[in-house]
Amino acid sequence: MKVRSAEAIARRAAKRGRTTEEQMALDRSEDRKRQKEKARGAAGEASSSAGVQTTGAPAGGDKGGGAEMVGGGVGGGGGGGGGGSLPAGLGQPLSAGRVDPAGMARLSACRGLVSEAQADELVQWEEAQRYPLAAEAVGVHVMARETQLREIVASCEGSWGEAVPRLYYHADREVAAESYTLSHGRWGISANLAADALPGDLPARAGDGVAAAATDTRGRARRLHRVAALNLPERPSSQGEHWTISHDKGMTWNTWLRFKMKAIFEFSVRAHWAELQETEWYVYVDDDTYVLWKPLLELLRRYDSRAAHYFGRPLHEAGYPLFVGGGAGIVLSRAAARQIIALKDAEVCDPLSLKWAERVHSGGDAWLGDCAESAGVHTDMEFGFYPQPPVSNLFHLFADAVAFHGVENHAAMHSALRANGTAAAFDPRCVPVFADHKYSCLPHFIIGGVPKAGTTSLYKYLLEHPDVLPAADKELTFWGNFFSPKRRPSRDDVMGDYLPKFPKISPSDFKVTGEATPGYLYCLTCPTYILKYMPKVRLIFTLRDPVPRAYSEYLNKAADRTVVRYLNKRIDNKMEKDLSDAAPPFSALVADVAKTMASCGSPNRTFSMMDEYSDEMEEAGCYVNPFVGEGRYVRYLKLWLGMVPRRQLLLLNFDSWTASAEAAQEAMGRVAAFLQLAPFSFRVDEAHNTHANRSVHVDRDAASDADAIKGQSVEAQLPRRDRCVLRDFFAPYNAALAGLLAQHGYEPMTEAW
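Residues numbered from 1 in each chain as written. Predicted model: local features only at pLDDT ≥ 70, side-chain atom pairs only at ≥ 80, totals over all residues. Heavy atoms only, no water.

Chemist: Whenever I open this one, the overall build of the protein chain confuses me. Can you help?
Modeler: Broken down by element type, the protein chain carries 25 helices and 18 strands. Burial analysis of the protein chain (753 residues in total) assigns 51% to the buried set. A total accessible area of about 33600 Å² is found for the protein chain, and carbon and sulfur atoms account for 51% of it. (Helix = DSSP H or I, 4+ residues; strand = E, 2+ residues; numbered from the N terminus. Buried < 20%, exposed > 50% of the residue type's maximum accessible area, 1.4 Å probe, protein only. Areas by Shrake-Rupley, 256 points an atom, 1.4 Å probe, with all protein chains shown as cover.)

Chemist: Would you mind going over the side chain of threonine 279 with me for this structure?
Modeler: As for its placement among the helices and strands, threonine 279 is situated in the loop between helix H8 (274-277) and strand S4 (281-286). Polar side-chain contacts of threonine 279 include one of 3.0 Å to the backbone oxygen of leucine 276. Other than its neighbours up to four places away in sequence, threonine 279 contacts Ala137, Gly139 and Arg334. (Polar contact = N/O pair within 3.5 Å; in protein donor to acceptor, adjacent residues only side chain to side chain. Contact = heavy atoms within 4.5 Å.)

Chemist: Looking at this structure, I do not really get the nonpolar core. What am I missing?
Modeler: Soluble globular proteins: nonpolar side chains tend toward being buried together. Membership of the largest hydrophobic core comes to 104 residues, with the highest contact counts inside it found for Trp479, Tyr498, Phe586, Leu637 and Trp640. A per-element tally of this core places helix H25 (residues 720-743) first, with 8 residues. Sequence-distant contacts of phenylalanine 586, defined by excluding residues within four places in its chain, comprise Ala550, Tyr551, Tyr554, Phe627, Leu718 and Leu726. Core analysis: the second largest hydrophobic core is formed by 46 residues, Leu149, Val283, Leu300 and Met413 among them. (Core = buried A, V, L, I, M, F, W, Y, C linked by side-chain atoms within 4.5 Å.)

Chemist: What is the right way to read the pairing of strand S1 (residues 138-143) from this model?
Modeler: Regular strands place their side chains on alternate faces of the sheet. Across the 6 residues of S1, 6 count as buried, placing the element largely inside the fold. Side chains Val138, Val140 and Val142 of S1 all project onto a buried face; the interleaved residues Gly139, His141 and Met143 project onto the opposite face, where all are buried too. Both S1 and S4 contribute to a ladder of 6 bridges, which runs parallel. Bridge pairing in S4 places valine 142 opposite valine 285. By the bridge criterion, 4 bridges tie S1 to strand S2 (residues 166-172) in an arrangement that is parallel. Opposite valine 140, over in S2, you have leucine 167 as the bridge partner. (Pairing = 2+ DSSP bridges.)

Chemist: In this structure, what is going on with the pattern of salt bridges? I would like to understand it.
Modeler: When charged atoms on two side chains of opposite charge get close, those side chains can pair. Going through the model one piece at a time under the given rule, you end up with 23 salt bridges. Between glutamate 275 and arginine 226 there is a salt bridge; the shortest N-O distance is 2.8 Å. On the criterion of sequence distance, the pair formed by glutamate 275 in helix H8 and arginine 226 in strand S3 (residues 224-230) is long-range, its members being 49 residues apart. The two residues glutamate 275 and arginine 226 agree in class, both being buried. Overlapping salt bridges bring together Glu317, Lys355, Arg359 and Asp370 as one network. (Salt bridge = Lys/Arg side-chain N within 4 Å of Asp/Glu carboxyl O.)

Chemist: Even after reading the chapter, I still don't get the state of the cysteines, so can you show me in this structure?
Modeler: Put plainly, two cysteines are in a disulfide when a covalent bond ties their sulfur atoms together. Scanning the model with the defined rule gives 4 disulfides in all. Between the sulfur atoms of cysteine 349 and its disulfide partner cysteine 371 the distance amounts to 2.2 Å. Placement of cysteine 349 in the loop between helix H10 (334-341) and helix H11 (364-374) and of cysteine 371 in helix H11 is noted, with a sequence separation of 22 residues between them. For the pair shown, cysteine 349 and cysteine 371 are each scored as buried. Each sulfur in the disulfide pair cysteine 600 and cysteine 622 lies 2.0 Å from the other. (Disulfide = S-S within 2.5 Å.)

Chemist: What should I look at first to understand the environment of valine 142 in this one?
Modeler: In this fold, valine 142 is placed in strand S1. Judged by its relative accessible area of 0%, valine 142 is buried. Between the C-alpha atom of valine 142 and that of cysteine 156, which follows or precedes it by 14 residues, the distance is 9.6 Å. With near-sequence residues (within four places) excluded, valine 142 lies in contact with Trp160, Leu167, Tyr168, Tyr169, His170, Val285, Asp286 and Asp287.

Chemist: Would you mind showing me how to read the packing of helix H7 (residues 253-270) against H10 here?
Modeler: Two quantities define a packed helix pair, namely the angle between the helix axes and the distance between the axes. Two elements in contact, H7 and H10, have axes separated by 11 Å at closest approach and are oriented at 120°. It follows from the interaxial angle that H7 and H10 lie oblique. Note that H7 runs across H10; the crossing there is left-handed. Of the residues in H10, those touching H7 at Phe265, Glu266, Val269 and Arg270 are Ala337, Arg338, Ile340 and Ile341. For the contact of H7 with H10, the class distribution of residues is 5 nonpolar, no polar and 3 charged. (Axes fitted to C-alpha atoms, helices over the stretch in contact; angles between N-to-C directions. Parallel < 35°, antiparallel > 145°, perpendicular 65-115°, else oblique. Left-handed = near helix turned anticlockwise from the far one by under 90°. Nonpolar A, V, L, I, M, F, W, Y, C, P; charged D, E, K, R; others polar.)

Chemist: Is there a simple way to think about the sheet that holds S3 in this case?
Modeler: Sheets are built from strands that pair by backbone hydrogen bonding, the pairs being arranged parallel or antiparallel. If you walk across this open sheet you meet the 6 strands as S3-S2-S1-S4-S7-S6, and the pairing is mixed. Looking along the sheet, the strands with just one partner apiece sit at the ends: S3 and strand S6 (310-315). Recorded for the sheet is a direction-independent mean angle of 20° between the axes of neighbouring strands. Contacts from helix H5 (residues 149-157) reach S2 and S3, with the element oriented near 170° to S2.

Chemist: Looking at this structure, I do not really get a nonpolar patch on the surface. What am I missing?
Modeler: On the surface, a cluster of nonpolar side chains totalling about 210 Å² of accessible area is made up of Leu524, Leu639 and Met643. The topology assignment puts leucine 524 in the loop between strand S14 (512-516) and helix H15 (526-533). For leucine 524, a relative accessible area of 36% puts it in the partly exposed group. (Patch = residues over 30% accessible without salt bridge, like charges linked within 9 Å, V, L, I, M, F, W, Y side chains within 5 Å.)

Chemist: So what exactly am I meant to see when it comes to the confidence of the model for the protein chain here?
Modeler: Detail in the predicted coordinates should be disregarded across regions flagged by low pLDDT. In this model, the protein chain carries an average pLDDT of 80, and 77% of its residues clear a pLDDT of 70 or more. Summarising per-element confidence for the protein chain, the mean pLDDT is lowest in strand S18 (residues 703-705) (56) and highest in strand S15 (residues 538-543) (98). Low pLDDT, under 50, characterises residues 208-220; the stretch is placed with 12 contacts to residues that sit more than four places away or in other chains. Note that pLDDT drops below 50 for residues 236-250; the model gives that stretch 27 contacts with residues more than four away or on any other chain. (pLDDT = per-residue confidence, 0-100.)

Chemist: Hey, could you run me through the sheet that holds strand S8 (residues 385-386) in this one?
Modeler: On the basis of which strands lie adjacent, the open sheet formed by 3 strands has the order S5-S9-S8 and mixed pairing. Single-partner strands in this sheet number two, and they are strand S5 (290-291) and S8. Examined bridge by bridge, S5 and strand S9 (residues 403-404) share 2 bridges and lie antiparallel to one another. Within the sheet, the bridge partner assigned to tyrosine 290 lies in S9 and is phenylalanine 404.

Chemist: In this structure, what is going on with helix H12 (residues 410-418)? I would like to understand it.
Modeler: Quick reminder: α-helices carry 3.6 residues per turn. Residues three or four places apart thus point the same way. All of the buried residues in H12 are His410, Met413, His414 and Ala416. Buried residues in H12, looked at end-on, bunch into an arc of 165°, giving them a common side. In this fold, the buried residues of H12 make contact with H5, S5 and S9. Sitting at the amino-terminal end of H12 is asparagine 409, which places a side-chain oxygen 3.2 Å from the backbone nitrogen of alanine 411. (Arc of directions from axis to C-beta.)

Chemist: Please explain the packing of aromatic side chains as it appears in this structure.
Modeler: Ring pairs (aromatic) are described by centroid distance and by the angle formed between their planes. Summed over all chains, the structure comprises 31 aromatic pairs. Between tryptophan 479 and tyrosine 533, the aromatic rings sit 6.3 Å apart at their centres with planes inclined by 25°, giving stacked as the arrangement. Here tryptophan 479, found in the loop between strand S13 (468-470) and helix H14 (491-498), pairs with tyrosine 533, found in helix H15; they are 54 residues apart in sequence, far enough to count as distant. Taking the relative accessible area as the measure of exposure, tryptophan 479 reaches 1% and is therefore buried. On the basis of relative accessible area, tyrosine 533 is assigned to the buried category, the value being 17%. (Phe/Tyr/Trp six-rings, centres within 6.5 Å; stacked < 30°, edge-to-face > 60°.)

As structure tokens, then:
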């Protein structure tokens, strides 16, 4: 497919009276037509040919080129290290596209296009196709943070840098001179920092004839590791992690990065030191990137440095050329670097161009990508450059890796790789998430309901266990509740607003953490979005006889002076903020329920504050107050049981587990086993967050004596008439709940209700 620059597309669009988007769409359509015609022609030639044909792709099938392979070939062309002709007898046309050559052979075997024996032969042949490349001909250049230069050098030198023959740490000259002695002149450079450096191991200019010995006393190629000084724009002396740059053109942080990338690129290609003049491949990485040297070297040997190659992890911004994202690594062949350096002063390569104000991607990597495109160097595709590292025992899934970005602790990564994932394996209970340049474990559990059924006590009891850590608070109400039953959080919401409320738990030192929001049961979108972002989270629901539960919640809200605003809430309006002592008596609310039963006709038509409803339902008087409405468990639990795997959901009967201290201890043993915690003897002699002693917060203790409360039956305080009305109302719901629990294999809990 022909690659066009953004400027060329814009000119063509203006000339033809089209928008840029219309021109791009038309160009893509024309390209697809040409590709189809080309493919049909190639297929026809292949079917009529008795021999094997190959295109002029570089050795090893140059994955970046996306060449059309005819006759089962995985590349061809001259110059490969192993040489040799393609295996004979493969007469059918194949297209490798951007598939790995060895993978293409295996895929062809799966499709029946070649035999297993032919696939093996192809793989062996492909492995032999390598260009000769000395390790010293690869220069690795690190974009170092000026604020941590010495720490970065020490970190890399003590880990992946040990294996790299040519390694350069680039920093502003003024900062570098504070810690290292630098040579004079435009291309300032330090003495050799490598552990095997020889005395007086100073750099030599190209053509001086005084370069230090190329090998050490053991005959090994010497490592040359240096700090390379850059002449960057002026900035304030107060050096933050991201400097606020003081410049007469008002540079931003990304502008600084463009200037720095340009300076590093020019240094690597144009500096007059002899060791740099020998470079065939240039590799640019961030200082939090871990480079796997041997796989990188093996990858580069698949390509000819005499051809223009530019690859890494590709990024794309609509309307602009494809470019290689920085961080995990940008790779340029010598030929590509020479083409690009010729344009270094062109307008398209100006770091201060006004176009950068319109770009989403406007850092140093995008700058280099635009220069490369203008120089006719297009982005190749490679797969081994990862934007984040795997957790320690998943390295086997990244066999093609050549670099991992986002590695803040190089020493830990180095140790984990050497141990091959066994020494630092993460706890199997951990579901890792990558944030802030490191892995941590997702929350392990959520107690999702119901109100006044012991959720606070369960949470406080769990915190007694030495392997359980609290969230910022017990009730986070993030996923939704009765007030917002259809919340749809984004990934940014979860990463920015939810996960920071939990402790950072290392995969190798796992602790259980979670939250308890009793309103989650009533949230229609909660199961979908919780499982979307935390697919292995364990969910606990504790259910209570709905009659005493309703009155208990009323007593709590009366103590908080929130009964009135609770009664006025609907799904389509906001909760009032005013407190009030003008709460109607609970008997009046029960009388309204009796009227609803008489006027609505069917219990299934009732709705409460968290439910959607029709005008017909409202006109028929089907509304029930939330104290009663929350007891229709089957209506909401059905959704959870249908979506959450059985092994991830635990149901408890509040009336059973609070009957005695022994029952509570047995229930906590079930909870501990469900959360995969070690056995523990919990203190269960206190009841938390009763209407007489209110608090759900983890940093405030509000508990009552559990035995004393057992003698104070909430239901016994209700008049007999009220109890009868509520029993009649809940009877069909409880019967349906019994059937639902039996259907999903849960123990019955409604017989005594």
